[in-house]
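Now for the letters of each chain:
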Amino acid sequence: DGGITQSPKYLFRKEGQNVTLSCEQNLNHDAMYWYRQDPGQGLRLIYYSQIVNDFQKGDIAEGYSVSREKKESFPLTVTSAQKNPTAFYLCASSTWAGGPNEQFFGPGTRLTVL
Amino acid sequence: AQSVTQLDSHVSVSEGTPVLLRCNYSSSYSPSLFWYVQHPNKGLQLLLKYTSAATLVKGINGFEAEFKKSETSFHLTKPSAHMSDAAEYFCVVSERNDMRFGAGTRLTVKP
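Only a predicted model underlies this, so the values are computations on that prediction, with no experimental measurement involved.

About the criteria used
- Residues numbered from 1 in each chain as written.
- Chains lettered and ligands numbered in written order.
- Predicted model: local features only at pLDDT ≥ 70, side-chain atom pairs only at ≥ 80, totals over all residues.
- Heavy atoms only, no water.
- Helix = DSSP H or I, 4+ residues; strand = E, 2+ residues; numbered from the N terminus.
- Contact = heavy atoms within 4.5 Å.
- Salt bridge = Lys/Arg side-chain N within 4 Å of Asp/Glu carboxyl O.
- Buried < 20%, exposed > 50% of the residue type's maximum accessible area, 1.4 Å probe, protein only.
- Pairing = 2+ DSSP bridges.
- Axes fitted to C-alpha atoms, helices over the stretch in contact; angles between N-to-C directions.
- Phe/Tyr/Trp six-rings, centres within 6.5 Å; stacked < 30°, edge-to-face > 60°.
- Lys NZ or Arg CZ within 6 Å of the ring centre and 35° of its normal.

This paragraph deals with the overall build of chain B. Looking only at helices and strands, chain B features zero helices and 12 strands. Counting from the amino terminus, chain B carries its helices and strands in the arrangement β-β-β-β-β-β-β-β-β-β-β-β. Taken over the C-alpha atoms alone, chain B extends approximately 40 × 30 × 20 Å along its principal axes. Contacts spanning at least 24 positions in sequence make up 55% of the contacts within chain B whose residues lie at least 6 apart.

So, on to the pattern of salt bridges. In this structure the tally under the stated criterion is nine salt bridges over all chains. Between Arg100(B) and Asp59(A) there is a salt bridge, with its nearest N and O atoms 2.8 Å apart. A residue pair is termed interchain when its members come from two chains, as with Arg100(B) in strand β11 (residues 98–101) and Asp59(A) in the loop between β6 (56–57) and β7 (64–66). For Asp85(B), the salt bridge is made with Lys78(B), and the minimal N-O distance between the two is 2.8 Å.

On to the pairing of strand β9 (residues 87–94) of chain A, then. Residues and elements named next belong to chain A. Burial runs high along β9: eight of the eight residues are buried. Here strand β4 (residues 31–37) pairs with β9 via seven bridges, running antiparallel. Bridge pairing links Gln37 to Phe88 in β9. One ladder, built from two bridges, connects β9 with strand β10 (residues 104–105); its direction is antiparallel. Bridge assignment links Ala92 to a residue of β10, and that residue is Phe105.

Moving on, we come to unusual backbone geometry. Residue and element names in this part refer to chain A. Note the cis peptide between Ser7 and Pro8, where omega equals -10°. Examined against the element boundaries, Pro8 turns out to sit in the loop between β1 (4–7) and β2 (10–13). If you check the backbone angles, Asn28 has positive phi at about 60° while not being a glycine. Summarising the element assignment, Asn28 is placed in the loop between β3 (19–25) and β4. With relative accessibility at 57%, the residue Asn28 sits in the exposed group.

Take the sheet that holds β1(A) next. Residue and element names in this part refer to chain A. As summarised here, the arrangement of the four strands in space is β1-β3-β8-β7, forming an open sheet in which the pairing is antiparallel. The strands lining the two open edges of the sheet, one partner per strand, are β1 and β7. Pairwise comparison of adjacent strand axes, ignoring direction, gives a mean angle of 20° for this sheet. Inspection of the sheet shows β3 paired to strand β8 (residues 76–78) by three bridges, in the antiparallel sense. Bridge assignment links Val19 to a residue of β8, and that residue is Val78.

The next point concerns the packing of aromatic side chains. Note on aromatic pairs: each is described by the distance of the centres and the angle between the planes. Under the defined criterion, the tally for this structure stands at 15 aromatic pairs over all chains. An angle of 85° between the planes, with centres 6.1 Å apart, marks the rings of Phe105(A) and Phe101(B) as edge-to-face. Pair noted here: Phe105(A) is in strand β10 and Phe101(B) is in strand β11, and the two residues belong to different chains. The pair Phe105(A) / Phe101(B) is uniform in exposure class, with both members buried. Through pairs of rings, three or more aromatic residues link up here, namely Tyr33(A), Tyr35(A), Tyr48(A), Trp96(A), Phe105(A), Phe34(B), Tyr36(B) and Phe101(B). Here the guanidinium or amino end of Arg68(A) rests over the ring plane of Phe74(A), the centre of that ring lying 6.0 Å away.

See below:
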């Protein structure tokens, strides 16, 4: 069954702690993305990666870091430098043919900072 | 740079009546346009996409959208709303290496 998995579904963190969100895809897609969703603001791009070992900052990369060591995996670390990390985080993937094609989304991770 | 505006943050309809969710875009090139749906605490699911073929695009669950270049619009419609259509809907414009999401329209369906 092809798709994108994100784990965990819910995550709680204390202030000052780093936390890593997992994203895995078995769609053989080249590109992967991380978005942050806040109520009433739609989706904002954090980072994206077109190929393995390469990634670019999106609109709101400050306080976040990523890696892309494998085609299937694109973990996101929310660092203590992120001032307001409580949000719903969505991972997506797509083919890449001169630009992003339709994106397939995971079920999301809701991060709450206590 | 391209942008997308969803003209209504909230739309409320009665079950069985038509749905219209409005989306305007701006783009310097020939964009690709998408509509996604998101149910509460879930990921986004693609409803339909326009990629410079037919201007009237049919999607899943009875939704369709019409690309109107002269009006720079890509409105989403459905003839008859169902309770299960209640969700958040996002219009997306894609151009070259960039995709932009609208702020979303929350659709409420009343019994």
